[in-house]
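Listed here are the chains, written in short residue letters.
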Amino acid sequence: ESGELITDGPANEMMKARLLQPDAGRGFILDGYPSTEGQAIALAEFLSAHDYPQPVVVVLDSPPAELRKRMLRRKRADDDPENIDRRLRDYREVGRDVEQWYGTERIVRIDGSGAPSEVALRISAGIDAVQAREGLKSRSSEGQSLKRRPAAQDAAK
């Protein structure tokens, strides 16, 4: 309710409980986790213990004015200007930490501007590029790359 990040213990437990679900075995996306060094360590230990590869980290770069506008459109009670500015500062700090934890080889920087389908295609291409560098099987090599949604659906999002 306050808009603050939850502490490592509960965040790590939620991550573990969710990733132990059967559908996570096909792959998963973590949004906003890890956001602390303790969470990064817990994730690395979990991935290693369950024989998952190290993550590809996607960083969406968007102008601060666009991010503020998107946050205000959510109409969450805690999305006041002060909290939004604090979250943007926190996000920049976490972003720097993420690069230290994972190294630039595992990070894909994506322009987060534009229609959701355009951003999704950029994300998919970036992940595929990292996987190709590492010799991992990628979605596009299996003929399963993301398809562009019709424009009418983009406008509804």
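Residues numbered from 1 in each chain as written. Predicted model: local features only at pLDDT ≥ 70, side-chain atom pairs only at ≥ 80, totals over all residues. Heavy atoms only, no water.

A general tendency of soluble globular proteins is for nonpolar side chains to be buried together. One finds M15, L19, Y33, L43, V57, V98 and Y102 to be the most contacted residues of the largest nonpolar core, which totals 16 residues. It is helix α2 (residues 37-49) that provides the largest number of residues to this core, a total of five residues. (Core = buried A, V, L, I, M, F, W, Y, C linked by side-chain atoms within 4.5 Å. Buried < 20%, exposed > 50% of the residue type's maximum accessible area, 1.4 Å probe, protein only. Helix = DSSP H or I, 4+ residues; strand = E, 2+ residues; numbered from the N terminus.)

Further remarks concern α2. The first and last C-alpha atoms of α2 sit 18 Å apart over 13 residues, in line with the 18 Å expected at 1.5 Å per residue. Residues of α2 that are buried: Q39, A40, A42, L43, F46 and L47. Along the axis of α2, the buried residues cluster in a sector spanning 165°; they form a single face. Residues E37, E45, S48 and A49 are exposed on α2 and point more than 90 degrees away from its buried face. (Expected span 1.5 Å × (residues − 1). Arc of directions from axis to C-beta.)

Take the pattern of salt bridges next. One pass over the full model with this rule turns up twelve salt bridges. With a closest N to O distance of 3.0 Å, R70 and E66 form a salt bridge. With R70 and E66 both in helix α3 (residues 64-73), this residue pair falls four residues apart, about one helical turn. Take R70: its relative accessible area is 28%, and that puts it in the partly exposed class. Residue R68 pairs with D85 through a salt bridge whose shortest N-O separation is 3.0 Å. Remark: D85 occurs in helix α4 (residues 81-102) and R68 occurs in helix α3; sequence separation between them is 17 residues. The exposure class assigned to R68 is partly exposed, which follows from its relative accessible area of 34%. (Salt bridge = Lys/Arg side-chain N within 4 Å of Asp/Glu carboxyl O.)

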